[in-house]
Every structure is written in C-alpha cells, then in structure tokens.
Amino acid sequence: MRPPCEQFVPGYGDANADFHVIGDHPGVHGGVETGVPFTNAAGRRLQRVLHAAGLLDEPDSDAPTTDDVFFSYLHTCVAEHPTPASYADCERFFDAELRAISAHVLLPVGERATQYVLEHYTARPVSDDLDMDALHATELRGGGWLVLPIAEPAEWTEDEADRMTRALDTLLATDYRRETDLGRFIPGGDSYRVR
C-alpha cells in the first residue's frame, strides 16, 4: 500500500471509524509538514467542527485523537499541482483504503473530493459544476454509505461551520449506521448486524 511517490501523507485515525473524512491532497488540506491529514489552518477549522460534534477529543492538533474518524486523501502524494495522471495512479490506493476502513459516513471535503465520491460511490448523476454551497452539510445516500459533503473549510463563513456542526449533531442522533439485525434468522438468537 505504498503510493507511487517519494513523499506521501497516509491516512490517519481510527481504522474502525464510522466517519471517513476525504480531502483532495496534502497541498490543499494540510499534512505536508506534520504527516497527518487536515492539520493546516483549514484542516483545523474542520477539526473544531468535528470536536464540537464529539468526534475528536482535541481540536487544533498536529495529531488529533480521533473518536470514530479516519482522515485521508484522494491523492496522498505530496505535490504542489497533481496531474490527472497522478490522481489516476493514486486512485487504487484511495479505493483500497476506503473499502478497508468501511466507514458508514463519507465526508468529502471540497469540490474535487465531493465530485469523486458522488461519481464513484453513489448512484447520483453528477455534473461537472457542483454547487458546493447547496451540497454543504446535506445528507446524501450513497451505495452503502451516507455522504455528507463539506464545502472547502478555508472558505467557510461562521454560518457554514455552524451548519456543518448541526448536520453532524443531527446525523449522530439518528441510526446513521442503518444496520439490520438478521440474527432472528439464525438458530440461537445471536445478533448478526449488517448494513
């Protein structure tokens, strides 16, 4: 699972997470200096929202203690301006990571990550021009995942941060795992939960 580059920022957090935060690349969403995704100024804004929702123990950290959150990138390699070919090279690593973590909720951050997640992990028709203002903090159903797009944190207003916190609070108050107990079909009555 080593990407095709010299320097990269691997995924970080709880490998059994229910929430998977997906960014574009380390040059946009931090991690170049720390080796941990979402540790630049915009990433710390997102950390504060996740903390307010109870998903991070401490915000504003270079190595946040995560409760049920995993952070990663579509393009893990450190590059100032990744090319379409380098995104394609990194795609298999991201897809393997996403399926290994198997989170219930995908949180794509920014237009590129949202475009990719909607295109590959939902059955929604996707246009080339996403309206991130309309999609921000809006729950969408995916192919086995819930998707909660996040507008670029570097461009958030206070209202957008509050909107994201409220959306996470609302989601956490529901059965976001959407699991069913099939144990009733198994002799002995043991619980067997599937999504």
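Everything numeric here is computed off the predicted structure, so don't read it as measured data. (Residues numbered from 1 in each chain as written. Predicted model: local features only at pLDDT ≥ 70, side-chain atom pairs only at ≥ 80, totals over all residues. Heavy atoms only, no water.)

Visitor: Quick question: what am I supposed to make of the sheet that holds strand 3 (residues 69–73) here?
Guide: Strands belonging to one sheet form pairs held by backbone hydrogen bonds; the direction of such a pair is parallel or antiparallel. With mixed pairing, 6 strands are arranged side by side in an open sheet as 1-3-2-4-6-5. The open sheet is flanked by strand 1 (12–13) and strand 5 (140–141), the only strands paired with a single partner. Note: strand 4 (residues 105–108) against strand 6 (residues 146–147), 2 bridges, orientation parallel. Residue pairing for strand 6: L106 is matched across the bridge by V147. (Pairing = 2+ DSSP bridges. Helix = DSSP H or I, 4+ residues; strand = E, 2+ residues; numbered from the N terminus.)

Visitor: What is the right way to look at the pairing of strand 2 (residues 19–23) in this model?
Guide: In regular strands, side chains alternate between the two faces of the sheet. Burial of strand 2 is extensive: 5 of the 5 residues sit out of reach of the surface. Here strand 2 shows two buried faces, one formed by F19, V21 and G23 and the other by H20 and I22. Two strands pair when backbone bridges link them, and strand 2 and strand 4 are joined in this way by 4 bridges, in the parallel orientation. Within the sheet, the bridge partner assigned to H20 lies in strand 4 and is L106. (Buried < 20%, exposed > 50% of the residue type's maximum accessible area, 1.4 Å probe, protein only.)

Visitor: What's the story with the environment of E155 in this structure? I'm lost.
Guide: Note that E155 resides in the loop between strand 6 and helix 6 (158–172). In this structure, the C-alpha to C-alpha distance between E155 and A42, residues 113 residues apart in sequence, is 8.2 Å. Filtering out sequence-adjacent residues up to four positions away, E155 remains in contact with R45 and E160. (Contact = heavy atoms within 4.5 Å.)

Visitor: How do you make sense of the UniProt feature "domain: Uracil-DNA glycosylase-like" (unreviewed entry) in the protein chain when you look at a structure like this?
Guide: UniProt's entry tags residues 10–169 with the feature "domain: Uracil-DNA glycosylase-like" (unreviewed entry), counted in the numbering of this structure. End C-alpha atoms of residues 10–169 are separated by 28 Å, and the span's content is 39% helix alongside 12% strand. (UniProt positions renumbered as here; feature names shortened; annotations may be inferred.)

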